[in-house]
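Given next are the chains, with one letter for each unit.
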Amino acid sequence: MISLVKELWRTLLFVFSLQFWRMGLLWTFSIAFSHYQLIKNFIFSRKPKPFYRCSPCLVPFRPVAVVTGATSGLGFYTAYELSKEGYVVVLVGRSQQLLLEAERKIKVWNKNAHLKAFQVDLSSVESIINFRKSLQQWLSGSDLHSSIQLLINCAGVLATSPRTTVDGYDQMIGTNYIGAFVLTNLLLPLLESSHVSSRIVNVTSFTHRNGMYN
Ligand SMILES: *[C@@H]1O[C@H](CO)[C@@H](O)[C@H](O)[C@H]1NC(C)=O
């Protein structure tokens, strides 16, 4: 009984907290704004501006983009859009099956897509190290420059129960933060050896602001 009252009290406190309302407002605003943009683009059917990120000056080398979490959601659509811009897209995902599906879907929508999938578990440092090795090997065996131009850290998990990674970290911290950190640092030499300026994009969420102190 006592613990139920405590839970209720905590929930009430949360609902009346600044964090909750700030998040609620931001969320509603960003969803409304992105729908407004979609509708506007639909009505005026404006072609998206070609991005300078993939200018013809890059020929003979095609630019390479590494996208994590590429099998669904933002990662998937990012991979698809980049493939339309002429990027060679390296799809990074946990499941071989989902990677194959994502690859197939993008190929249907854009038959000129240049894709390469790697199965990587971002919650394991060993898996990331192996990925770096295979990526480097693949790059040097291809007709591409041995560098990457874009790294998009999109992968993330929402753990519903406490679990630890093979490296002994909390699953969410290990995958969403440490995984991205290790990957970024291991790929840094490849980003730095790019002959045009390269870029790292971290995709995150503000849901963490709701973290409860237990
Ligand atoms: C993106 O994440 C990497 C790895 O955690 C970090 O080193 C870098 O500073 C982040 N970049 C930005 C703009 O937050």
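Residues numbered from 1 in each chain as written. Predicted model: local features only at pLDDT ≥ 70, side-chain atom pairs only at ≥ 80, totals over all residues. Heavy atoms only, no water.

1. As for the site of the ligand
Logical step 1: Surveying the vicinity of the ligand reveals the residues Phe181, Thr184 and Asn202.
Logical step 2: Asn202 is positioned such that a nitrogen or oxygen atom in its side chain is 2.5 Å from an oxygen atom of the ligand.
Logical step 3: In the complex, the protein chains occlude 45% of the 360 Å² of accessible area that the ligand would expose alone. (Near = heavy atom within 4 Å. Polar contact = N/O pair within 3.5 Å; in protein donor to acceptor, adjacent residues only side chain to side chain. Areas by Shrake-Rupley, 256 points an atom, 1.4 Å probe, with all protein chains shown as cover.)

2. What to know about the packing of helix H3 (residues 73–84) against helix H4 (residues 96–109)
Logical step 1: Remark: H3 packs on H4, axes separated minimally by 10 Å, with the N-to-C direction vectors making an angle of 40°. Between H3 and H4, the crossing angle belongs to the class labelled oblique. The way H3 lies across H4 gives a crossing that is right-handed. Here Phe76, Tyr77, Ala79, Tyr80 and Ser83 of H3 lie close against H4, whose contacting residues are Ala102, Lys105, Ile106 and Trp109.
Logical step 2: Per-class residue counts for the contact of H3 with H4 are seven nonpolar, one polar and one charged. (Axes fitted to C-alpha atoms, helices over the stretch in contact; angles between N-to-C directions. Helix = DSSP H or I, 4+ residues; strand = E, 2+ residues; numbered from the N terminus. Parallel < 35°, antiparallel > 145°, perpendicular 65-115°, else oblique. Left-handed = near helix turned anticlockwise from the far one by under 90°. Contact = heavy atoms within 4.5 Å. Nonpolar A, V, L, I, M, F, W, Y, C, P; charged D, E, K, R; others polar.)

3. Here we look at the UniProt feature "transmembrane region" (unreviewed entry) in the chain
Logical step 1: UniProt tags residues 20–39 as "transmembrane region" (unreviewed entry).
Logical step 2: Annotation note: span residues 20–39, helix share 100%, strand share 0%, distance between end C-alpha atoms 28 Å. (UniProt positions renumbered as here; feature names shortened; annotations may be inferred.)

4. Details of the sheet that holds strand E4 (residues 150–153)
Logical step 1: In space, the five strands of this open sheet follow the order E3-E2-E1-E4-E5, with parallel pairing throughout. Each edge of the open sheet carries a strand with a single partner, namely strand E3 (114–119) and strand E5 (199–202). Each strand axis lies, on average, 15° off the axis of its neighbour in the sheet, ignoring direction.
Logical step 2: In the packing of H4 onto the sheet, the strands contacted are strand E2 (88–93) and E3, and the crossing angle to E3 comes to about 170°.
Logical step 3: In the packing of helix H6 (residues 171–192) onto the sheet, the strands contacted are strand E1 (64–68), E4 and E5, and the crossing angle to E4 comes to about 175°. (Pairing = 2+ DSSP bridges.)

5. Structural notes on the nonpolar core
Logical step 1: Counting residues in hydrophobic clusters, the biggest one holds 22 residues, and the most contacted among them are Val66, Val90, Phe131, Leu135, Ile148 and Leu187.
Logical step 2: For this core, the secondary structure elements donating two or more residues are E1, E2, helix H5 (125–141) and H6.
Logical step 3: Considering every element that reaches this core, the biggest residue donor is H6, with seven residues.
Logical step 4: Excluding residues that lie within four positions of it along the chain, Val90 makes contacts with Val64, Ala65, Val66, Val67, Lys116, Phe118, Phe131, Leu135 and Trp138.
Logical step 5: If you look at the next biggest cluster of nonpolar residues, it comprises 18 residues, including Leu91, Ala102, Ile106 and Cys154. (Core = buried A, V, L, I, M, F, W, Y, C linked by side-chain atoms within 4.5 Å. Buried < 20%, exposed > 50% of the residue type's maximum accessible area, 1.4 Å probe, protein only.)

6. Structural notes on the packing of H5 against H6
Logical step 1: Running from amino to carboxyl end, H5 crosses H6 at an angle of 25°, the nearest separation of the two axes being 10 Å. The orientation of H5 with respect to H6, classified from their angle, is roughly parallel. Between H5 and H6 lies a crossing whose hand is right-handed. Along its contact with H5, which presents Val125, Ile128, Ile129, Phe131, Arg132, Leu135, Gln136 and Leu139, the element H6 presents Gly179, Val182, Leu183, Leu186, Leu187 and Leu190.

7. Section: a nonpolar patch on the surface
Logical step 1: Taken together, Leu38, Ile39, Phe42, Ile43 and Phe44 make up a surface patch of nonpolar side chains, about 640 Å² in accessible area.
Logical step 2: Overall, the relative accessible area of 58% leaves Ile43 in the exposed class. (Patch = residues over 30% accessible without salt bridge, like charges linked within 9 Å, V, L, I, M, F, W, Y side chains within 5 Å. Salt bridge = Lys/Arg side-chain N within 4 Å of Asp/Glu carboxyl O.)

8. Considering empty space enclosed by the protein
Logical step 1: Counted by the stated rule, this structure contains one cavity of 30 Å³ or more.
Logical step 2: Volume-wise, the largest cavity comes out at about 30 Å³.
Logical step 3: For the largest cavity, the full set of lining residues is Leu122, Ser123, Ser124, Val125, Asp167, Tyr169, Gly174, Ile178, Gly179 and Val182.
Logical step 4: The dominant element in the lining of the largest cavity, judged by the number of residues it contributes, is H6, at four residues. (1 Å grid on protein atoms, 1.4 Å probe; cavity = no way out; pocket = protein on both sides within 12 Å on 5 of 7 lines; lining within 4 Å. Points joined across faces, edges and corners; volume = space filled by probe spheres on them.)

9. What to know about the packing of aromatic side chains
Logical step 1: For the coordinates displayed, the defined rule picks out eleven aromatic pairs.
Logical step 2: On the basis of an interplanar angle of 85° and a centroid distance of 5.1 Å, the ring pair of Phe76 and Tyr77 is categorised as edge-to-face.
Logical step 3: Geometrically, the ring pair formed by Phe76 and Trp109 is edge-to-face, given 5.7 Å between the ring centres and 70° between the ring planes. Separated by 33 residues along the polypeptide, Phe76 in helix H3 and Trp109 in helix H4 bring together distant segments of the chain. (Phe/Tyr/Trp six-rings, centres within 6.5 Å; stacked < 30°, edge-to-face > 60°.)

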